[in-house]
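Next come the chains, spelled out residue by residue.
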Amino acid sequence: MSAADTRIELLRQMIRIRRFEERCVRLYSAEKIRGFLHLYIGEEAVAAGLLGQIGPGDAVVSTYREHGHALARGMPMAALMAEMYGRATGCSRGRGGSMHLFDAERRFYGGNAIVAGGLPIAVGLALADAQAGRDAVTVCLFGDGAAAEGEFHECLNLAALWRLPVLFACENNRYAMGTALAREHAATDLALRAASYGLVAWPVDGMDAVAVGEATRRAVESIRAGSGPCFLELRTYRFRAHSLYDADRYRDKAEIAEWKGRDPIPRLSGALKDAGELNEEDLKALEAAIESEIDDAVAAAESAPEEPVADLTRHVYAERP
Ligand SMILES: Cc1ncc(C[n+]2csc(CCOP(=O)(O)OP(=O)(O)O)c2C)c(N)n1
Ligand SMILES: [Mg+2]
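Residues numbered from 1 in each chain as written. Chains lettered and ligands numbered in written order. Predicted model: local features only at pLDDT ≥ 70, side-chain atom pairs only at ≥ 80, totals over all residues.

*Asks:* Would you explain the overall build of the protein chain in this entry?
*Replies:* Counting its secondary structure elements, the protein chain contains 12 helices and 7 strands. Taken over the C-alpha trace, the protein chain has a radius of gyration of 19 Å; the compact-globule value for 321 residues is 20 Å, and the two agree within 12%. Over its C-alpha atoms, taken along the principal directions, the protein chain stretches across nearly 60 × 50 × 45 Å. For the protein chain, long-range pairs separated by at least 24 residues make up 75% of all intrachain contacts whose partners lie at least 6 apart in sequence. (Helix = DSSP H or I, 4+ residues; strand = E, 2+ residues; numbered from the N terminus. Rg over C-alpha atoms; globule rule 2.2 N^0.38 Å. Contact = placed C-beta atoms within 7 Å.)

Pasting the structure below:
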């Protein structure tokens, strides 16, 4: 892929994630989708930049704000939308919903509602891969809030000590629910904190998909070379509230507006247009293709079956072969 094609793919992926979630908001208002809904809008450069740099053999561990991660990892949109609808054709048979997306085939190990809960899973996956001699990197995504959890410290230490192939990808959007980073942490430089555990860590502009891609490429190269885990602090921002149940009263309007000014989508489409790599027609075609992908996913979810009541107790315990 040429450099221009790579950048267009980054843009396409970001728009795809944004439009998917915008549709989810509408479906939520229409009560087609229920339960918790944590939007990723504003943070798309991280998913697109990071997950474009790993291969099919690598693993991904995510959070409850994971629609973008799942899409960028390659989960078919129809499987994701059906899961949002709670249908049997969903990626988790409709039993998980928004926070519990899972795709073993693509080594996408969830969706996790527990803050920092993914870190021990990632370290375990990386340990298993290393012991089996598989050349795989585990990308572990989590928020700034995870840095306040004990698991964060235990996992960074063990991964560094055992030089495990983990890329710790901290999406620092500056808030853990309604709590600003500086109200929760005396030391707010998370990359610096991570470095103190003996792994290579650096901050990245998380509103710039190209910069995220470049940082990830370097990190993954170093991990594959056997140099141990890396930590990227991806400085980003969520444009929407924590979840659809949050009135968002703890953030300054001016602060939100300032970050919206760094929106990664117009930023990249503007750069591509300036470079003559994309025109208005291309952008329209790209949007139209995404719109029809979403329409198809919604139509499939609408007509998909719910799990039969007879299956209620299935998949609770392992079944005998
Ligand atoms: C162990 C644990 N404690 C508390 C919660 C409640 N909770 C849900 S989301 C959240 C904030 C996490 O913030 P962050 O890690 O920064 O992720 P973000 O929502 O910003 O993406 C909290 C405290 C939880 N889910 N798990
Ligand atoms: Mg956060």
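*Asks:* Looking at this structure, I do not really get the site of ligand 1. What am I missing?
*Replies:* Contacts to ligand 1 come from 14 residues, most closely from V115, G143, D144, G145 and A176. For the shell around ligand 1, the residue count by class is 7 nonpolar, 4 polar and 3 charged. (Near = placed C-beta within 6 Å. Nonpolar A, V, L, I, M, F, W, Y, C, P; charged D, E, K, R; others polar.)

*Asks:* Teacher, can you tell me more about the pairing of strand β2 (residues 138–143) here?
*Replies:* The two faces of a sheet get side chains in turn, since along a regular strand they alternate between them. Most of β2 is tucked away, with 6 of its 6 residues classed as buried. Covered by surrounding structure in β2 are T138, C140 and F142 together with V139, L141 and G143, the residues of both alternating faces. Relative to β2, strand β1 (residues 59–61) runs parallel, the two being bridged by 3 bridges. Bridged to A59 within β2 is T138. Sheet topology note: the β2/strand β3 (residues 166–172) ladder contains 6 bridges and is parallel. Residue pairing in the sheet places F142 in a bridge with C170 of β3. Handedness of the crossover joining β2 and β3 through helix α6 (residues 150–161) is recorded here as right-handed. (Buried ≥ 20, exposed ≤ 12 C-beta atoms within 10 Å, placed from the backbone. Pairing = 2+ DSSP bridges. Right-handed = clockwise from strand over helix to strand, strands pointing away.)

*Asks:* Even after reading the chapter, I still don't get the sheet that holds strand β7 (residues 230–235), so can you show me in this structure?
*Replies:* Within a sheet, neighbouring strands are paired by backbone hydrogen bonds and run either parallel or antiparallel to one another. Spatially, β1-β2-β3-β7-β6 is the arrangement adopted by the 5 strands of the open sheet, whose pairing is parallel. Pairing within the sheet leaves two strands with one partner each, and these edge strands are β1 and β6 (200–205). When the angles between neighbouring strand axes are averaged without regard to direction, this sheet yields 20°. Relative to β7, β3 runs parallel, the two sharing 6 bridges. The residue of β7 that forms the bridge with A169 is L232. (Axes fitted to C-alpha atoms, helices over the stretch in contact; angles between N-to-C directions.)

*Asks:* When you look at helix α11 (residues 264–274) in this model, what are you seeing that I'm missing?
*Replies:* Helical geometry note: an α-helix holds 3.6 residues per turn, so side chains three or four residues apart project in the same direction. Among all positions of α11, only P264, I265, L268 and S269 are buried. For α11, the angular spread of buried residues about the axis comes to 120°, placing them on one side. Exposed positions of α11 whose direction lies more than 90 degrees from the buried face are G270 and D274. Following α11 by one or two positions, G276 has its phi on the positive side, about 75°. (Arc of directions from axis to C-beta.)

*Asks:* Can you walk me through the environment of E184 in this structure?
*Replies:* With respect to the helices, strands and loops of the structure, E184 is situated in helix α7 (residues 181–184). Judged by the 14 C-beta atoms lying within 10 Å of it, E184 falls in the partly exposed class. For the pair E184 and E43, spaced 141 residues apart in sequence, the C-alpha separation works out to 21 Å. Once you skip the residues sitting within four places of it in the chain, E184 turns out to touch A148, A176 and T179.

*Asks:* Would you explain the packing of helix α4 (residues 77–85) against helix α12 (residues 280–303) in this entry?
*Replies:* Between α4 and α12, whose axes approach to 8 Å, the crossing angle comes to 45°. When the interaxial angle is binned, α4 and α12 end up oblique. Of the two possible hands of crossing, α4 and α12 adopt the one that is right-handed. Two secondary-structure elements touch here, α4 through M77, A78, M81, A82 and Y85 and α12 through E293, I294, D296, A297, V298, A300 and A301. Residues belonging to the contact of α4 with α12 are distributed by class as follows: 10 nonpolar, no polar and 2 charged. (Parallel < 35°, antiparallel > 145°, perpendicular 65-115°, else oblique. Left-handed = near helix turned anticlockwise from the far one by under 90°.)

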